[in-house]
Amino acid sequence: MARNKHKPQRMCVACRQSQDKKSLVRLVRTPEGVVVDQTGKLAGRGAYLHADPDCWERGVKKYLEKALNTSLSETNRAELIAFQDSFSNKNKE
Ligand SMILES: [Zn+2]
């Protein structure tokens, strides 16, 4: 029997794998649309995606809307997809 660990774990809505929440990016549904919660403090219904281009794109194109029970406008979707560029920039020192 597996025992629960105490580290906070969150599930990526694209690949459905749970992970330490630091490896995941939180997205929050707001009245203006879905935004990336870079501070982790935004209120609202949230979902998590891996900061990985594969999970991110699949998530934004398909799973995110289901997870947040909303529909993305084309602009909103394009903004979110464009956001993945910042992952690769962040990893470069
Ligand atoms: Zn994932």
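In case you missed it, the structure is sitting above this.
Structural notes, computed from the coordinates. Because the structure is predicted, anything quoted here is derived from the model rather than measured.

**Notes on the overall build of the protein**
Of regular secondary structure, the protein possesses 3 helices and 5 strands. Reading the protein from its N terminus to its C terminus gives the helix and strand order β-β-β-β-β-α-α-α. Sequence separation of at least 24 residues holds for 46% of the intrachain contacts in the protein that already meet a minimum separation of 6.

**Quick word on helix H1 (residues 53–68)**
In a regular helix each residue adds 1.5 Å, so 16 residues correspond to 22 Å; H1 covers only 20 Å between its end C-alpha atoms and thus falls short of that length. The axis of H1 is deflected most strongly, by about 60 degrees, at Val-60. Of all the residues in H1, the buried ones are Cys-55, Trp-56, Gly-59, Val-60, Leu-64 and Ala-67. The inward-facing, buried residues of H1 abut strand S3 (24–30), strand S4 (33–37), strand S5 (46–50) and helix H2 (74–83). Of the residues flanking the end of H1, it is Asn-69, one or two places downstream, whose phi is positive at about 50 degrees.

**Some remarks on the pairing of S3**
Bridge count between S3 and S5: 5 bridges; the pairing is antiparallel. Within the sheet, the bridge partner assigned to Val-25 lies in S5 and is Leu-49. Note that S3 and S4 share 5 bridges and pair antiparallel. Across the sheet, residue Arg-29 finds its bridge partner in S4, namely Val-34. Between S3 and S4, which pair antiparallel one after the other, the connecting turn spans 2 residues.

**A word on the environment of Asn-76**
By the secondary structure assignment, Asn-76 is in helix H2. Classification of Asn-76 as partly exposed rests on a count of 16 C-beta atoms within 10 Å. Separated by 16 residues in the primary sequence, Asn-76 and Val-60 place their C-alpha atoms 9.7 Å from one another. Among all residues touching Asn-76, those that are not within four sequence positions of it are Gly-33 and Val-34.

**Concerning the sheet that holds S5**
Strand order in the open sheet made by the 3 strands is S4-S3-S5, with antiparallel pairing throughout. Whereas interior strands pair on both sides, the edge strands pair on one side only; in this sheet they are S4 and S5. With direction set aside, neighbouring strand axes in the sheet form an average angle of 35 degrees.

Analysis parameters
Residues numbered from 1 in each chain as written. Predicted model: local features only at pLDDT ≥ 70, side-chain atom pairs only at ≥ 80, totals over all residues. Helix = DSSP H or I, 4+ residues; strand = E, 2+ residues; numbered from the N terminus. Contact = placed C-beta atoms within 7 Å. Expected span 1.5 Å × (residues − 1). Bend = angle between axes of the 7 residues up to and from the residue. Buried ≥ 20, exposed ≤ 12 C-beta atoms within 10 Å, placed from the backbone. Pairing = 2+ DSSP bridges. Axes fitted to C-alpha atoms, helices over the stretch in contact; angles between N-to-C directions.

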